[in-house]
Amino acid sequence: MLMPYRRYADFEGRSRRLEYWMFTLFSFLVAMVALAVMVAGGINFGSPEAGMPGPLFYVGLLFLVVWGLGSIIPSIALQVRRFHDQDRSGWLCLFGFIPYVGGLIVLVFMCLPGTSGSNRHGPDPKQPGDASVFS
């Protein structure tokens, strides 16, 4: 789940589907915790400013914004490495900017398996003898 943070801005090499989906799950869980804190802080019964959220709301919001900004580069790098695992160009990440269908196109590519064995972007990350892939 934390491997993309160790390879923060590494746009070279390959990454497995498991790494991508575990990072996605981790991102979802962190966002849900931050949103729960925001909802808990947004309830402010019995005060004169009943419409204003409490300070816990802003703590959750600040955490979500800082974490989101800190995760942009690792998530893009992970997408590029997933495209490299399929022996495709990392520039295919730009499909995500196409309105309505771009995210779906990238999602389909992220679900496809990588090529077996080495390709032009490096050795197969599924082979256990290649410990240098994740260092």
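None of these values were measured; they are calculated from a predicted model.

Draft legend 1. Representation of helix H4 (residues 102–111) within the structure. Along H4, the positions that sit buried rather than exposed are Gly102, Val106, Phe109 and Met110. Considered in projection along H4, the buried side chains sweep an arc of 100° and stay on one side of the axis. On the buried face of H4, the contacting elements are helix H2 (17–42) and helix H3 (55–85).

Draft legend 2. Structural context of the layout of surface pockets. The calculated volume of the largest pocket comes to roughly 170 Å³. Around the largest pocket, the lining residues are Ile76, Gln79, Gly90, Trp91, Cys93, Leu94, Gly96, Phe97, Gly103 and Val106. The residue makeup of the lining of the largest pocket, split by class, is six nonpolar, four polar and no charged.

Draft legend 3. Region of the structure containing the nonpolar core. Grouped together as the largest cluster of nonpolar side chains are nine residues: Tyr20, Phe23, Leu78, Val80, Phe83, Cys93, Val106, Phe109 and Met110. Among the elements of the structure, H2, H3 and H4 are those that each provide at least two residues to this core. If we ignore the near neighbours within four places in the chain, the residues touching Val80 are Phe11, Gly90 and Cys93.

How each quantity is defined
Residues numbered from 1 in each chain as written. Predicted model: local features only at pLDDT ≥ 70, side-chain atom pairs only at ≥ 80, totals over all residues. Heavy atoms only, no water. Buried < 20%, exposed > 50% of the residue type's maximum accessible area, 1.4 Å probe, protein only. Helix = DSSP H or I, 4+ residues; strand = E, 2+ residues; numbered from the N terminus. Arc of directions from axis to C-beta. Contact = heavy atoms within 4.5 Å. 1 Å grid on protein atoms, 1.4 Å probe; cavity = no way out; pocket = protein on both sides within 12 Å on 5 of 7 lines; lining within 4 Å. Points joined across faces, edges and corners; volume = space filled by probe spheres on them. Nonpolar A, V, L, I, M, F, W, Y, C, P; charged D, E, K, R; others polar. Core = buried A, V, L, I, M, F, W, Y, C linked by side-chain atoms within 4.5 Å.

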